[in-house]
Amino acid sequence: MLRLTASAADLLRSRFALSPAFELCGLLRRLSGCDAPLPAGWTARLAPGFARLRRETALDAVLALQTARAGADFVAPPPRGLTQTWAEDLATIRATPPAVAQAEIEAALRRQPARDARIHALLTSDQVVQTLADALDRAWHELLAPDWSHLRAVCERDVVHRVGVIGERGWKEAVEGLDDGLAWHGRTLAVALRDEYGDVSLAGEGLLLVPSVFVWPGLAVFHEDPWPKTLIYRARGTSVLWERAAPGPDTAAALADLLGRSRARLLLELDTPASTSHLARALTMAPGAVSDHLSVLRTAGLLTRARSGRSVLYWRTSLGDALVAGTAGDSDAAPGDGG
C-alpha cells in the first residue's frame, strides 16, 4: 500500500494533463506482450506495422527499456498540461542530456539485462538518444497518430467529467472514482499497489492526474524525479473504445446519404459524451459548424445533452443508437435483400 499525504494547498495545485509519449509507450508494451494484449481487432490492424518497425528501426532497443516495474523516464517525459502534443514530447526526448539517458539506461539494464548484443550496442552508443527518438517518432506516426484524435478525445472527455465531479461532490469522490484501488482517509490517499509501499508527501506540489487508454488494468503511479507526484488512470470510455467496431465505409456512407457527411461523422462519434470543442478537435471541424449540426441532430431526437461542470456534453439517444445500428445492419445485407 502506497500512502500519499495531501494538504489543502496540494488540492489547490492538483491538475490534469495528457501524455502522448506515455500512451505511445503503453501501446508498444501491449503490442510487444509486456502488458495485457490489445483487443483482437486492434492487434490485427497494428501488428504488421509493429513487426515491420522492429525490423527497420531501433524499436527493440526502446522495448528493452520497458521493464516489468518501470522504464527509462526519458522516453516518456512528464506531461505539462492538457494541450501536450507529440511534437513537444519528442523535442523533450531529443533534448535529454546524454549523461541522464545513460544513467537511466544503465538502471534499466540492471533490472533487465539486454541479451541481444545488437540491442546492447545500440543502448550503449553515443547516439542512443537520437536513435531511440527516431524509432519512437516513426512508431508514433505509423501506429498511433492515425487514431490519436479519437483516443485524445476519450481522455479529454474524461477530464471534463472529473472536473464536473470535483465541482459537484468534491475531490474525495472525484479521486476515489478514478480506480477501485484508491481510498481517501482524512489527508491521506491510499493507493493499493502490489509492489509499492510507504508514505509519500505531496509537499505542496499537488497531484498530477493523467487519463490513459492504455494503463488498464490498475494504475500507474510516479512519485520520484523527474516526474511530479502522478496518478495515471484508465479513462472513462476506454471499454467502449475497445469494444466498438469501427464503422465500415458502407455504414458511414449510408448515414452520410441520410444526414449529410458532417452530421453522420458527429453521430458516429457520439457513442460517448463529448463537448462541442472536443468534437471540433477530434473531427477537425469548425466549432460553429459543430454547434449547428448538433442542434439539428438534437432537434431530430438523435442526441441529448447535459451540463458537466462548465461544459455541455452531447451523446446519442437510444434513437440515435438504433439509427447507427440499423444502418450498419443494412450495409451488411446482400444486394437485393430487404426489398
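Just so it is clear, the model here is predicted, and its values are computed rather than measured.

Draft legend 1. Spatial organisation of the packing of helix 12 (residues 261-269) against helix 14 (residues 287-299). Axis separation between helix 12 and helix 14 bottoms out at 10 Å; the angle between their running directions is 75 degrees. On the basis of the axis angle, helix 12 is roughly perpendicular to helix 14. Each of Ser-262, Arg-263, Leu-266 and Leu-267 in helix 12 lies in contact with helix 14, whose residues at this interface are Val-290, His-293, Leu-294, Val-296 and Leu-297. Looking at the contact of helix 12 with helix 14 residue by residue, the class counts come to six nonpolar, two polar and one charged.

Draft legend 2. Geometry of the confidence of the model for the protein chain. In the predicted model, the protein chain carries a mean pLDDT of 86, and the fraction of residues at 70 or more is 91%. No element of the protein chain has a lower mean pLDDT than helix 15 (residues 318-332), at 69, and none a higher one than helix 5 (residues 86-94), at 97. Within the model, pLDDT remains below 50 along residues 330-339, and this stretch shows two contacts once partners closer than five positions in the same chain are excluded.

Draft legend 3. The sheet that holds strand 2 (residues 15-16), seen in detail. Ordered by their spatial adjacency, four strands build an open sheet running 2-6-8-7, and the pairing between neighbours is mixed. Bordering the open sheet on either side are strand 2 and strand 7 (220-222), each of which pairs with just one other strand. Where strand 7 lies against strand 8 (residues 230-234), three bridges are found, and the strand directions are antiparallel. What sits directly across from Ala-220, in strand 8, is Ile-232.

Draft legend 4. Main features of helix 3 (residues 40-56). Helix length check: helix 3, at 17 residues, gives a terminal C-alpha distance of 24 Å against a target of 24 Å (1.5 Å per residue), a fit within 8%. The largest bend along helix 3 reaches roughly 40 degrees and is located at Leu-46, with the proline Pro-48 sitting one to four residues downstream. Those residues of helix 3 lying buried are Trp-42, Leu-46, Gly-49, Phe-50 and Leu-53.

Conventions used here
Residues numbered from 1 in each chain as written. Predicted model: local features only at pLDDT ≥ 70, side-chain atom pairs only at ≥ 80, totals over all residues. Heavy atoms only, no water. Axes fitted to C-alpha atoms, helices over the stretch in contact; angles between N-to-C directions. Helix = DSSP H or I, 4+ residues; strand = E, 2+ residues; numbered from the N terminus. Parallel < 35°, antiparallel > 145°, perpendicular 65-115°, else oblique. Contact = heavy atoms within 4.5 Å. Nonpolar A, V, L, I, M, F, W, Y, C, P; charged D, E, K, R; others polar. pLDDT = per-residue confidence, 0-100. Pairing = 2+ DSSP bridges. Expected span 1.5 Å × (residues − 1). Bend = angle between axes of the 7 residues up to and from the residue. Buried < 20%, exposed > 50% of the residue type's maximum accessible area, 1.4 Å probe, protein only.

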